[in-house]
Number of protein chains: 2
Amino acid sequence: MSKPFKEIGVGVIGFGTVGTGTVKLLLENAELLRKRVGVPVKLLQVADMDTERNRGIKLPNGMLIDNAMRIVRDPNIQIVVELAGGTGAAKDFILESIRGGKSVVTANKALLAEHGTEIMRAAINAGVDIGFEASVGGGIPIIRTLREGLSANRIEGIYGIINGTCNYILSRMTKEGKPFAEVLAEAQNNGLAEADPSFDVDGIDASHKLAILIWLSTGGRVRLKDIYVEGIRDISPDDIAFAKVFGYTVKLLAIAKENGSGIEARVHPTMIPSQYLLSTVDGSNNAIYVKGDFVGSSMSYGQGAGMLPTASAVVSDVVEISRNLLRGSTGRIPPSGFSLMNQNMVTKIKPFEEVQCEYYLRILVMDKPGVLSRIAGVLGKHAISITSVLQKGKEKNAVPIFIITHQAKESDMRAAIAEVDKLSEVLDRTRMIRIENNL
Amino acid sequence: MSKPFKEIGVGVIGFGTVGTGTVKLLLENAELLRKRVGVPVKLLQVADMDTERNRGIKLPNGMLIDNAMRIVRDPNIQIVVELAGGTGAAKDFILESIRGGKSVVTANKALLAEHGTEIMRAAINAGVDIGFEASVGGGIPIIRTLREGLSANRIEGIYGIINGTCNYILSRMTKEGKPFAEVLAEAQNNGLAEADPSFDVDGIDASHKLAILIWLSTGGRVRLKDIYVEGIRDISPDDIAFAKVFGYTVKLLAIAKENGSGIEARVHPTMIPSQYLLSTVDGSNNAIYVKGDFVGSSMSYGQGAGMLPTASAVVSDVVEISRNLLRGSTGRIPPSGFSLMNQNMVTKIKPFEEVQCEYYLRILVMDKPGVLSRIAGVLGKHAISITSVLQKGKEKNAVPIFIITHQAKESDMRAAIAEVDKLSEVLDRTRMIRIENNL
């Protein structure tokens with residue numbers, strides 16, 4: 001049954017970077033959107049506390065207001081785009097819009113991570129849509145890909161480069177051999193990293209996004225605390241150079257894997273074979289490699305952030321919801337892509353200590369006979385066998401030893417490293433990077 | 001308004017390779033499909049003329065029949081999956097299903113290329129869905145990406161590796177330095193190329209797929225005769241080796257570009273910079289690189305053919321249609337992704353002679369003084385200037401000259417080559433490969 005919408009009214013809350021891109025898109029591509037939807041998709045109102053700043057866009061008189069609640073309550077607006085950010089007022093705007101029967105589009109990962117269940121439940125109960133394509137992978141339509149394009153597959157693995165800042169820093173460290181701190185400082189100067197970079201470089205942002213991807217793959221929510229998270233601060237140019245010698249590239253990967261013994265969920269620096277497509281994803285780009293039981297290997301690549309790519313994702317949700325409104329079919333696909341009988345499910349994550357993979361180790365030792373044999377002995381005691389060893393040219397009396405191991409269990413590796421670090425010949429904390437060979 | 005479907009009935013016509021994959025998926029992932037759709041998606045009947053051959057799948061008694069029309073007319077079947085192929089009976093099955101109010105999923109590119117307009121119109125008039133995700137890019141959900149994921153974008157360019165056979169052959173020629181004929185023969189022996197390979201290696205298959213991609217980007221149909229098509233038979237290991245020296249990789253690309261002066265549509269071997277992600281797509285894999293005005297660069301990668309990946313695409317359509325059936329919203333998105341007011345539009349393609357690009361030339365000449373100057377003179381006369389020249393070590397008296405040009409017009413290049421080939425010092429037909437530098 002079609003409702004007789006002559007146009008779809010859109011209100012945008014938050015006129016910052018993504019808000020500006022979204023407004024620009026809705027205005028510039030209005031004719032294209034009309035053709036794709038069938039009726040005009042009309043931007044009616046934009047709200048921001050700052051109504052003065054010049055965003056380089058000329059809005060019609062009266063379109064920009066400072067009271068977001070006027071959008072939430074405007075009967076001519078069917079779709080509220082929440083780009084204010086934060087978890088306070090933004091949550092109220094969204095819940096109040098939903099209660100009023102409006103569909104919502106948001107890019108607010110933090111809000112989804114903290115209050116996702118409550119918001120999704122409200123949307124389901126109200127029979128409205130909630131679009132969040134922009135929350136993962138910027139312009140890459142990965143939400144749709146998991147929920148629709150690959151809907152026939154049991155998802156066996158996800159390997160995502162989903163934090164542009166980390167990928168930018170690692171790419172530059174790889175190309176230029178510079179240390180982390182130097183590249184980070186430059187990225188901060190260029191506006192490519194935040195003044196407080198922790199959310200990005202410590203892997204937190206990637207873990208929030210991974211939680212969303214797993215939810216769309218399994219239908220069950222993931223508790224953030226179940227995801228192991230390790231950032232890139234510890235990676236040195238030496239690690240990257242050694243990885244290269246052995247045919248590997250270092251990336252911050254968000255990994256989810258199902259392999260019979262449970263689902264793994266982890267974010268950490270990872271060495272992957274350099275000939276893999278994922279290794280060649282450079283700069284602040286994002287890519288999500290998905291393995292499905294029928295589709296096999298697939299990958300989606302694009303810009304992971306930025307004003308315009310994110311606006312592309314936001315407005316693709318506006319288009320989808322508009323199409324639903326015209327057919328009276330909002331709520332047609334539940335937010336997770338799984339039917340509602342699954343909505344309270346929690347996805348059980350395998351304890352990280354039980355995860356198995358290959359490892360790279362960098363151990364700084366005194367250049368003395370017998371050191372390597374002592375280290376190998378400790379590893380062997382913990383059921384860890386060595387694939388290859390490389391010893392770097394002498395730096396005074398301290399020599400780094402680089403080791404690649406066969407598959408081992410995380411708990412064994414941790415115990416082994418603790419013991420290695422106690423050896424009198426070991427001069428510094430051992431560094432370890434996990435390896436994924438079979439994407 | 002929901003219709004009270006307790007389950008969705010599916011019938012599969014054609015129990016060949018893709019049919020077998022589809023049946024396998026519907027049976028093995030039945031529980032997953034139920035969770036994603038909300039009600040069981042039930043395979044009720046499979047039809048094939050050959051009901052005896054062992055496909056390695058055990059079907060319940062009575063499921064396999066030899067009369068496809070029984071599926072078309074079965075009131076318990078809502079979705080007919082047509083995988084019989086060909087443009088004869090398959091067309092009848094589809095049109096008759098649509099007339100009976102059933103939605104249809106097909107992977108039949110040839111049928112869509114020849115009778116697409118008629119079939120789409122029938123589906124629109126009947127208010128049913130027609131899914132054809134499997135027609136381009138195998139398991140890659142590129143139809144959905146253009147119609148939904150990137151729906152907010154004006155598509156500025158599409159660069160597709162969408163014929164797995166060609167990419168397999170070119171990849172092996174690149175890695176092993178073997179000539180086309182030898183790799184083709186091996187591919188035929190391995191079942192990776194057809195006994196009559198023309199449809200693939202002459203670019204015809206890629207042009208059919210490109211027509212579909214342009215239709216989804218512009219909303220207008222493309223006449224196949226408007227697409228310039230050139231296959232890979234003429235590519236030699238020498239061309240590939242020279243490309244490499246200058247930092248290029250040779251791929252068969254399906255290209256659509258809009259650049260102010262009209263839309264270009266062409267399929268031909270193309271030299272692209274080796275550092276581009278698209279260059280690293282190897283073997284029979286497919287990848288479609290899309291440039292949108294807001295999303296910027298994006299790429300979808302995966303297996304372009306095969307029993308299981310294609311089944312993934314077929315069943316993703318079954319899921320989407322099931323979701324529509326449950327909400328009474330079939331026909332929610334018109335086949336092209338553009339509203340029906342555009343359905344009779346034809347996309348005007350720029351005449352190929354007016355297309356501009358850079359070129360690579362291989363000219364076999366007698367090793368005499370003054371030859372290069374004469375060739376450069378002919379090129380210059382036709383407004384073509386040279387970027388770089390390389391002359392290969394002498395082969396008796398015949399020497400190949402490799403040239404890369406600046407941007408030139410196709411008609412100028414053709415005229416220049418015709419004139420070059422008339423020079424007395426030129427010993428063989430000049431070979432030319434187009435270059436794309438700014439993807």
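Residues numbered from 1 in each chain as written. Chains lettered and ligands numbered in written order. Predicted model: local features only at pLDDT ≥ 70, side-chain atom pairs only at ≥ 80, totals over all residues. Heavy atoms only, no water.

## Points about the overall build of chain A
Here comes step 1: In terms of helices and strands, chain A carries 14 helices and 17 strands.
Here comes step 2: For 439 residues, the compact-globule estimate of 2.2 N^0.38 gives 22 Å, and chain A sits close to it at 24 Å.
Here comes step 3: Expressed as lengths along the three principal axes of its C-alpha atoms, the size of chain A is roughly 85 × 45 × 35 Å.
Here comes step 4: Burial statistics for chain A: of 439 residues in total, 60% are counted as buried.
Here comes step 5: Here chain A displays about 16,400 Å² of accessible surface, and carbon together with sulfur accounts for 51% of that area.
Here comes step 6: The centroid of the 51 positive side-chain charges in chain A is displaced by 3 Å from the centroid of its 48 negative side-chain charges. (Helix = DSSP H or I, 4+ residues; strand = E, 2+ residues; numbered from the N terminus. Rg over C-alpha atoms; globule rule 2.2 N^0.38 Å. Buried < 20%, exposed > 50% of the residue type's maximum accessible area, 1.4 Å probe, protein only. Areas by Shrake-Rupley, 256 points an atom, 1.4 Å probe, with all protein chains shown as cover. Lys, Arg positive; Asp, Glu negative; His and termini not counted. Charge placed at Lys NZ, Arg CZ, Asp CG, Glu CD.)

## What to know about the interface of chain B and chain A
Here comes step 1: On the chain A side, the residues contacting the 65 residues of chain B number 65 residues.
Here comes step 2: Summing both partners gives a buried area of about 5,200 Å² for chain B against chain A, and 54% of it is carried by carbon and sulfur.
Here comes step 3: The salt bridge partner of Arg-332 of chain A is Glu-320 of chain B, with a shortest N-O separation of 3.7 Å.
Here comes step 4: Counting every contact that joins chain B to chain A gives 26 residue pairs in polar contact (both at pLDDT 80 or more).
Here comes step 5: Here the side of chain B that touches chain A is composed, by residue class, of 24 nonpolar, 27 polar and 14 charged.
Here comes step 6: Alignment of strand β12 (residues 296-303) of chain A against strand β12 (residues 296-303) of chain B, held across 5 bridges, turns out to be antiparallel. Its bridge partner lying in β12 of chain B, Tyr-301 of chain A is registered against Met-299 of chain B. (Contact = heavy atoms within 4.5 Å. Buried area = accessible area lost by both parts, 1.4 Å probe. Salt bridge = Lys/Arg side-chain N within 4 Å of Asp/Glu carboxyl O. Polar contact = N/O pair within 3.5 Å; in protein donor to acceptor, adjacent residues only side chain to side chain. Nonpolar A, V, L, I, M, F, W, Y, C, P; charged D, E, K, R; others polar. Pairing = 2+ DSSP bridges.)

## A look at the confidence of the model for chain A
Here comes step 1: Of the residues in chain A, 98% reach a pLDDT of 70 or more, and the chain-wide mean stands at 95.
Here comes step 2: Of the two predicted TM-score estimates for the complex, the pTM is 0.95 and the ipTM is 0.95. (pLDDT = per-residue confidence, 0-100.)

## What to know about the state of the cysteines
All names here are of chain A.
Here comes step 1: Considering all chains together, one arrives at 0 disulfides over all chains under this definition.
Here comes step 2: In this structure Cys-166 is a free cysteine whose sulfur lies 19 Å from that of Cys-357, the closest cysteine sulfur available.
Here comes step 3: What makes Cys-166 buried here is its relative accessible area of 1%. (Disulfide = S-S within 2.5 Å.)

## Here we look at the sheet that holds strand β5 (residues 103-106) of chain B
Residue and element names in this part refer to chain B.
Here comes step 1: Ordered in space as β3-β2-β1-β4-β5-β6, the 6 strands form an open sheet in which the pairing is parallel. Each end of this open sheet is capped by a strand with a single partner; those strands are β3 (64-65) and β6 (130-131).
Here comes step 2: Relative to β5, strand β4 (residues 79-82) is paired through 4 bridges, and the arrangement is parallel. Considered in β5, the bridge of Glu-82 is made with Thr-106.

## Quick notes on the packing of aromatic side chains
All names here are of chain A.
Here comes step 1: Throughout the structure, instances matching the rule amount to 14 aromatic pairs over all chains.
Here comes step 2: Considering the side-chain rings of Phe-242 and Tyr-360, the 5.3 Å spacing of their centres and the 40 degrees angle between planes classify their relative orientation as tilted. Pair noted here: Phe-242 is in helix α11 (residues 237-245) and Tyr-360 is in strand β13 (residues 356-366), with a separation of 118 residues, a long-range link. Comparing Phe-242 with Tyr-360 shows no difference in burial state: the two are buried. (Phe/Tyr/Trp six-rings, centres within 6.5 Å; stacked < 30°, edge-to-face > 60°.)

## Remarks on the relation of the copies chain B and chain A
Here comes step 1: Mapping chain B onto chain A calls for a screw motion: a turn of 180 degrees about the axis and a shift of 0.0 Å along it, with 0.0 Å RMSD after fitting. What we have between these two chains is a two-fold relation. Across chain B, the smallest distance between a C-alpha and the rotation axis is recorded for Ser-300 of chain B, namely 2.3 Å.
Here comes step 2: Here 100% of the interface residues in chain B have copies in chain A that are interface residues too; the copies meet face to matching face. (Least-squares fit on C-alpha atoms with pLDDT ≥ 70 in both.)

## Let's talk about the pattern of salt bridges
Oppositely charged side chains may form a pair once their charged atoms are brought near each other.
Residue and element names in this part refer to chain A.
Here comes step 1: Within this structure, the stated rule accounts for 75 salt bridges over all chains.
Here comes step 2: Of the charged contacts in the structure, one is a salt bridge between Lys-381 and Glu-419, with a shortest N-O distance of 2.6 Å. With Lys-381 in helix α13 (residues 371-381) and Glu-419 in helix α14 (residues 410-420), the pair connects residues that are 38 residues apart, well separated along the chain.
Here comes step 3: Judged by its relative accessible area of 59%, Lys-381 is exposed.

## Some remarks on the side chain of Ser-171 of chain B
Residue and element names in this part refer to chain B.
Here comes step 1: By the secondary structure assignment, Ser-171 is in helix α7 (residues 164-176).
Here comes step 2: Relative accessible area serves as the criterion here: at 6%, Ser-171 is assigned to the buried category.
Here comes step 3: Within the structure, the side chain of Ser-171 is placed 2.7 Å from the backbone oxygen of Asn-167, a separation counted as a polar contact.
Here comes step 4: Within the structure, Ser-171 has its side chain in polar contact with the backbone nitrogen of Gly-283 (distance 3.0 Å).

## Re the environment of Asp-239 of chain B
Residues and elements named next belong to chain B.
Here comes step 1: Positionally, Asp-239 belongs in helix α11 (residues 237-245).
Here comes step 2: Sequence separation between Asp-239 and Leu-361 is 122 residues; the distance between their C-alpha atoms is 8.9 Å.
Here comes step 3: In this view, Asp-239 contacts Asp-234, Tyr-360, Arg-362 and Ile-433; residues no more than four positions away in its chain are not counted.
Here comes step 4: Of the polar contacts made by the side chain of Asp-239, one reaches the side chain of Arg-362; its length is 2.4 Å.

## Details of the pairing of β12 of chain A
Residues and elements named next belong to chain A.
Here comes step 1: Burial within β12 is extensive, with 6 of its 8 residues counted as buried.
Here comes step 2: As judged from the 8 bridges shared by strand β11 (residues 285-292) and β12, these two strands associate in the antiparallel manner. In the sheet register, Ile-288 faces β12, and the bridge partner there is Ser-300.
Here comes step 3: Counted along the chain from β11 to the antiparallel partner β12, the turn is 3 residues long.

## Here's the deal with the environment of Lys-209 of chain A
All names here are of chain A.
Here comes step 1: Mapped onto the elements of the fold, Lys-209 is located in helix α10 (residues 204-218).
Here comes step 2: Spatially, the C-alpha atoms of Lys-209 and Ile-124 are 21 Å apart, while their sequence positions differ by 85 residues.
Here comes step 3: Polar contacts involving the side chain of Lys-209 include one to the main-chain carbonyl oxygen of Ile-162, which spans 2.7 Å.

## Remarks on the packing of helix α1 (residues 17-28) of chain B against helix α12 (residues 307-327) of chain B
Residues and elements named next belong to chain B.
Here comes step 1: Relative orientation of the contacting elements α1 and α12 amounts to 65 degrees, with a least axis distance of 8 Å. For the pair α1 and α12, the crossing hand works out as right-handed. Mapping the contact onto sequence places Thr-17, Val-18, Thr-20, Gly-21, Thr-22, Lys-24, Leu-25 and Leu-26 in α1 and Met-307, Leu-308, Thr-310, Ala-311, Ser-312, Val-314 and Val-315 in α12. (Axes fitted to C-alpha atoms, helices over the stretch in contact; angles between N-to-C directions. Left-handed = near helix turned anticlockwise from the far one by under 90°.)

## Let's talk about the sheet that holds strand β4 (residues 79-82) of chain A
All names here are of chain A.
Here comes step 1: If you trace the 6 strands from one edge of the open sheet to the other, you get β3-β2-β1-β4-β5-β6, paired in parallel fashion. For this open sheet the edge positions go to β3 (64-65) and β6 (130-131), each flanked by a neighbour on one side alone.
Here comes step 2: Relative to β6, strand β5 (residues 103-106) runs parallel, the two being bridged by 2 bridges. Residue pairing in the sheet places Val-104 in a bridge with Ile-130 of β6.

## Section: the pairing of strand β9 (residues 248-258) of chain A
Residues and elements named next belong to chain A.
Here comes step 1: Counting buried residues along β9, 10 of its 11 residues qualify, which places the element largely inside the surrounding structure.
Here comes step 2: One ladder, built from 4 bridges, connects strand β7 (residues 155-161) with β9; its direction is antiparallel. By the bridge assignment, Ile-158 is partnered in β9 with Ala-256.
Here comes step 3: By the bridge criterion, 11 bridges tie β9 to strand β10 (residues 263-273) in an arrangement that is antiparallel. Within β10, the position partnered with Tyr-248 by the bridge is Pro-273.
Here comes step 4: Linkage of β9 to β10, two consecutive antiparallel strands, is achieved through a turn of 4 residues, within which Gly-260 is found at a positive phi near 85 degrees.

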